[in-house]
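Overview (structure and organization)
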Amino acid sequence: MYAEQRHQLILDELRQSGEVSVTALAAKHNVAAETIRRDLDHLGMLRALRRVHGGAVLAAVGANEPDLLTRLRTNTAAKRRIGQAASRLLEGRPEATIAIDAGSTTGSLVPHLPKGAGPIVTDALAIAQAVLDRGHEVYILPGHLRELSHAAVGSSTVDTLRGYHPDIAFLGCNGMDDAGFTTPDPLEAAVKTAMIRQSELRVMMADSSKEGTHHFASFARVAEINVLVSDTGLSPHYIEHLQDQGIEVICV
């Protein structure tokens, strides 16, 4: 078992029980206690948990993360323009298979999906329902549903994603800077990373308020994204930085 898979299983168990012990985890995963300590230290650095003597407990997450309803009411005009502009990337790609990440900005893509779009996979409950209501074929990823974002997360989410190969992935983020793209929750970051790795064309949808901010969990370097769709508030410096790395930047 890879360390990444073990980390997901540890976080799944921690979310269910509220605490984990080094001894029990070592026995369960058939590895040395020192291996588990390194796992917990790594996850602690990501602030996915809080280390305590002999194990770990849940970390307090989401204190500075707005819930989905709040995000849906923020920068709505810019997000509508971003959704419409992002949909144009589907022109000339009939029946393209699509992955849509959870988020208020990625959700703005749904009203503009072409009628002939291929199957759509998403980790977001609201997006899956909206896609279904518009008559598209949709696959919703399994997993634990986060209260703040209504996104499916966990090892089952990531494992299921590895069985799909979308032509295009539309992703959202909470922060973006010269180094890459971030989100507050490590479990959501793992799903975003898997979606990026499985997709051919990776499109980031983010309004300019995300520029220059950085959150706990990194899920993609700049060079791992092909296109950024944003609004006209994006700084010339950041646009130039992205373009220097071969990223197409669309500002609307």
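Please refer to the structure higher up on the page.
Residues numbered from 1 in each chain as written. Predicted model: local features only at pLDDT ≥ 70, side-chain atom pairs only at ≥ 80, totals over all residues. Heavy atoms only, no water.

Once that is clear, we can look at the overall build of the protein. Looking only at helices and strands, one finds ten helices and 15 strands in the protein. Reported as C-alpha extents along the three principal axes, the dimensions of the protein are approximately 55 × 40 × 30 Å. Buried residues in the protein amount to 50% of all 252 residues. Relative to all contacts within the protein whose residues are 6 or more apart in sequence, the contacts with residues 24 or more apart total 61%. Here the protein has roughly 11900 Å² of accessible surface; of this, 51% comes from carbon and sulfur atoms. Between the averaged position of the 24 positive side-chain charges in the protein and that of its 30 negative side-chain charges there is a distance of 3 Å. (Helix = DSSP H or I, 4+ residues; strand = E, 2+ residues; numbered from the N terminus. Buried < 20%, exposed > 50% of the residue type's maximum accessible area, 1.4 Å probe, protein only. Contact = heavy atoms within 4.5 Å. Areas by Shrake-Rupley, 256 points an atom, 1.4 Å probe, with all protein chains shown as cover. Lys, Arg positive; Asp, Glu negative; His and termini not counted. Charge placed at Lys NZ, Arg CZ, Asp CG, Glu CD.)

Attention now goes to the environment of Leu-113. As for its position among the elements, Leu-113 is in the loop between helix 6 (104-107) and strand 5 (120-122). Leu-113 sits in the buried class, given a relative accessible area of 5%. Between the C-alpha atoms of Leu-113 and Ser-17, which are 96 residues apart in sequence, the distance is 40 Å.

All right, on to the sheet that holds strand 2 (residues 49-52) then. Here we have three strands laid out as an open sheet, ordered 1-3-2, and antiparallel in their pairing. The open sheet has two edge strands with one neighbour each: strand 1 (19-21) and strand 2. Averaged over neighbouring strand pairs, the angle between their axes works out to 25° when direction is ignored. Summarising the sheet, strand 1 and strand 3 (residues 55-58) pair through three bridges and their orientation is antiparallel. Bridging across to strand 3, Val-20 finds its partner in Ala-56. Contacts from helix 2 (residues 22-29) reach strand 1 and strand 3, with the element oriented near 70° to strand 1. (Pairing = 2+ DSSP bridges. Axes fitted to C-alpha atoms, helices over the stretch in contact; angles between N-to-C directions.)

So, about the sheet that holds strand 11 (residues 180-183). Across the sheet, three strands lie side by side as 10-11-13; this open sheet has antiparallel pairing. Lying at the two open borders of the sheet, with one neighbouring strand each, are strand 10 (175-176) and strand 13 (217-221). Judged from the two bridges that link them, strand 10 and strand 11 form a sheet pairing that is antiparallel. The residue of strand 11 that forms the bridge with Met-176 is Phe-181. The strands touched by helix 9 (residues 186-198) are strand 11 and strand 13; relative to strand 13, the strand with the most contacts, the crossing angle is about 15°.

All right, on to the environment of Leu-201 then. Inspection of the secondary structure puts Leu-201 in strand 12 (residues 201-205). Separated by 103 residues in sequence, Leu-201 and Ile-98 have C-alpha atoms that sit 9.6 Å apart.

The tally for this structure, following the rule as stated, stands at nine salt bridges. The shortest N-O distance in the salt bridge between Arg-51 and Asp-41 comes to 2.9 Å. Taken together, the residues Arg-51 in strand 2 and Asp-41 in helix 3 (residues 33-45) connect sequence positions ten residues apart. Judged by its relative accessible area of 30%, Arg-51 is partly exposed. Overlapping salt bridges, with partners in common, bring together Arg-146, Asp-185 and Glu-188 in one network. (Salt bridge = Lys/Arg side-chain N within 4 Å of Asp/Glu carboxyl O.)

A word on the side chain of Thr-183. Here Thr-183 lies in strand 11. Among all residues touching Thr-183, those that are not within four sequence positions of it are Asn-174, Glu-188, Ala-189, Lys-192, His-215, Phe-216, Ala-217 and Phe-219.

Where helix 1 (residues 3-17) meets helix 3, the closest approach of the two axes is 11 Å, and the angle between their N-to-C directions is 75°. What the angle tells us is that helix 1 and helix 3 run roughly perpendicular. Contact residues: Arg-6, His-7, Ile-10 and Leu-11 in helix 1; Thr-35, Ile-36, Asp-39, Leu-40, His-42 and Leu-43 in helix 3. (Parallel < 35°, antiparallel > 145°, perpendicular 65-115°, else oblique.)

One non-glycine residue, Asn-30, lies in the positive phi region at around 55°. Residue placement: Asn-30 occurs in the loop between helix 2 and helix 3. By relative accessible area, Asn-30 is classed as exposed at 71%. Positive phi, close to 60°, is recorded for Glu-95, a residue that is not glycine. Among the secondary structure elements, Glu-95 is positioned in the loop between helix 5 (76-87) and strand 4 (98-100).

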